[in-house]
Amino acid sequence: MTIELGKASQEQSSDSPVFKQLQLTYLIGYALAAAGNNLQGSYRYALLASYNIPRSTIESLYLCAHLSTLCLGTIASSLSDKFGRRLACILSSVFYTIHCLSLNFNILSVLVLGSVFRGMAHSLYNTNFESWLLQEHHDNDLDTDSLKHLLRNAFLSSTLAAVAAGIVAQISAEFLGYAAPFEVAVGIYLVMILFLIWQWKENYGDRDAKVTTSFAAAIEVIRTDPRVLLVGLITSLFEATIYIYSLEWTPALEDAKLWTISDSLPLGFMFSSFMAFNMIGAFLFKALARRFDIHTYLPMVMLVAAMALCIPVIIPNVSIIFI
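Treat the numbers as computed from the prediction; the structure is a model and nothing was measured.

*Asks:* Is there a simple way to explain the overall build of the protein chain in this structure?
*Replies:* Within the protein chain, the regular secondary structure consists of 14 helices and 0 strands. When the helices and strands of the protein chain are read in sequence order from the N terminus, they spell out α-α-α-α-α-α-α-α-α-α-α-α-α-α. At 21 Å, the protein chain has a C-alpha radius of gyration in line with the 20 Å of a compact globule built from 323 residues. When each of the 323 residues of the protein chain is scored for burial, the buried share is 37%. Sequence-distant contacts, at least 24 apart, represent 83% of the contacts inside the protein chain between residues at least 6 apart. Roughly 18,300 Å² of accessible area belongs to the protein chain as shown, and the carbon and sulfur atoms make up 69% of that amount. Of the side chains in the protein chain, 19 bear a positive and 24 a negative charge, and the two mean positions are spaced by 2 Å.

*Asks:* Looking at this structure, how should I read the side chain of S68?
*Replies:* Positionally, S68 belongs in helix 4 (residues 55–78). The buried category is assigned to S68, whose relative accessible area is 5%. Discounting residues that sit within four places of it in the chain, S68 has contacts with G73, S115, V116, G119 and M120.

*Asks:* How should I be thinking about the packing of helix 8 (residues 144–176) against helix 9 (residues 180–199) in this particular structure?
*Replies:* Helix 9 packs onto helix 8 with a crossing angle of 125° between their chain directions and a minimal axis gap of 8 Å. It follows from the interaxial angle that helix 8 and helix 9 lie oblique. For the pair formed by helix 8 and helix 9, the contact residues are V168, A169, S172, A173 and L176 on the first element and A180, P181 and V184 on the second. For the contact of helix 8 with helix 9, the per-class residue count stands at 7 nonpolar, 1 polar and no charged.

*Asks:* In this structure, what is going on with helix 9? I would like to understand it.
*Replies:* Residues lying three or four places apart along an α-helix face the same way, a consequence of the helix completing one turn every 3.6 residues. Here helix 9 contains 20 residues, and its C-alpha end-to-end distance of 29 Å stays within 8% of the 28 Å for a straight helix at 1.5 Å per residue. Every buried residue belonging to helix 9 is among A180, P181, F182, A185, V186, I188, Y189, M192, I193, F195 and L196, and all of these are buried. Considering only its buried residues, helix 9 is in contact with helix 2 (17–38), helix 3 (44–50), helix 6 (85–102), helix 7 (108–139) and helix 8.

*Asks:* What am I meant to see in the packing of aromatic side chains here?
*Replies:* Per the counting criterion, the structure on display carries 17 aromatic pairs. Ring centres of Y26 and Y30 lie 5.5 Å apart, and the angle between their planes is 10°; this geometry places the pair in the stacked category. Placement of the pair is Y26 and Y30 together in helix 2, with a separation of 4 residues, close to one helical turn. Relative to Y297, the ring of F285 lies with its centre 6.3 Å away and its plane at 65°, an arrangement referred to as edge-to-face. Taken together, the residues F285 in helix 12 (residues 267–291) and Y297 in helix 13 (residues 294–314) connect sequence positions 12 residues apart. Here F285 falls in the partly exposed class, since its relative accessible area comes to 39%. Chaining the aromatic ring pairs together yields one cluster made of Y26, Y30, Y96, Y125, F129, W132, Y189 and W200. We note R118 situated over the ring of Y62; from NZ or CZ to the ring centre the distance is 5.3 Å.

*Asks:* When you look at helix 7 in this model, what are you seeing that I'm missing?
*Replies:* Here helix 7 is 32 residues long and its end C-alpha atoms lie 46 Å apart, about the 46 Å a rise of 1.5 Å per residue gives. Positive backbone phi, at 55°, marks D141, one or two positions downstream of helix 7.

Rules behind the numbers
- Residues numbered from 1 in each chain as written.
- Predicted model: local features only at pLDDT ≥ 70, side-chain atom pairs only at ≥ 80, totals over all residues.
- Heavy atoms only, no water.
- Helix = DSSP H or I, 4+ residues; strand = E, 2+ residues; numbered from the N terminus.
- Rg over C-alpha atoms; globule rule 2.2 N^0.38 Å.
- Buried < 20%, exposed > 50% of the residue type's maximum accessible area, 1.4 Å probe, protein only.
- Contact = heavy atoms within 4.5 Å.
- Areas by Shrake-Rupley, 256 points an atom, 1.4 Å probe, with all protein chains shown as cover.
- Lys, Arg positive; Asp, Glu negative; His and termini not counted.
- Charge placed at Lys NZ, Arg CZ, Asp CG, Glu CD.
- Axes fitted to C-alpha atoms, helices over the stretch in contact; angles between N-to-C directions.
- Parallel < 35°, antiparallel > 145°, perpendicular 65-115°, else oblique.
- Nonpolar A, V, L, I, M, F, W, Y, C, P; charged D, E, K, R; others polar.
- Expected span 1.5 Å × (residues − 1).
- Phe/Tyr/Trp six-rings, centres within 6.5 Å; stacked < 30°, edge-to-face > 60°.
- Lys NZ or Arg CZ within 6 Å of the ring centre and 35° of its normal.

Here it is in structure tokens:
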């Protein structure tokens, strides 16, 4: 007990210079990555459709990216403990850059290859930034409250970056065409890579652990604890609806637009609105979690989501679908 108290006394809070420096360097790198990622969200489908690619082929390209995340991305992310988290974050930007550049070519094989790289980049982006942060937080002996503070600020900064990315995508697409947001994203990724090389130091996990060992341990946890399996299934099913939504929101609005207006839709501004409401939802969840048990209102969240996804089928009006 004496040892635990001594260790606690050595931990540094969110007021310490060490924490402030870590927070600054992490938030800048993470916000740049979020901006580059979200610049691709507004006009990817519209750009592919402008090449007169059939809708089923566009959906296959999205599926190709998801399969790449599942197969290649899982392996690539698991290797980051051995070869470095900062390297993995840099590689995510390199792979995203390759994907963005591939969208300049109306060649199916090139677009497929770009989708494969997007899938790997997505996996690296979603796992290694926080892994790097957790390791740095631990190495600097920072307390738990400071980590909560930093993660909250990271979510806020990434959401604000997403809102700004939608606005930038809208303006650039209007003046330079649908490929312009992806070119802007390439520039942001190059800045991010230079920043990470300059300001982030490399950290590792268990460099001696084998990839097969990690998978075997994960399978054993799922096998022995049904709660983990249940949470995983619930999360996977809900994430499936999110992936369907991310693919179909553009064509759903475009199809409805044909019945109402003829002007091109402001997809960038619409994307910014989605991201803003995403942030509002996170704050609303936090307020509800303080007063109610999550189990009491989470089914209502699922029900509202299901009702919202029914709207394009029942009422094909562009304004109602957007709302």
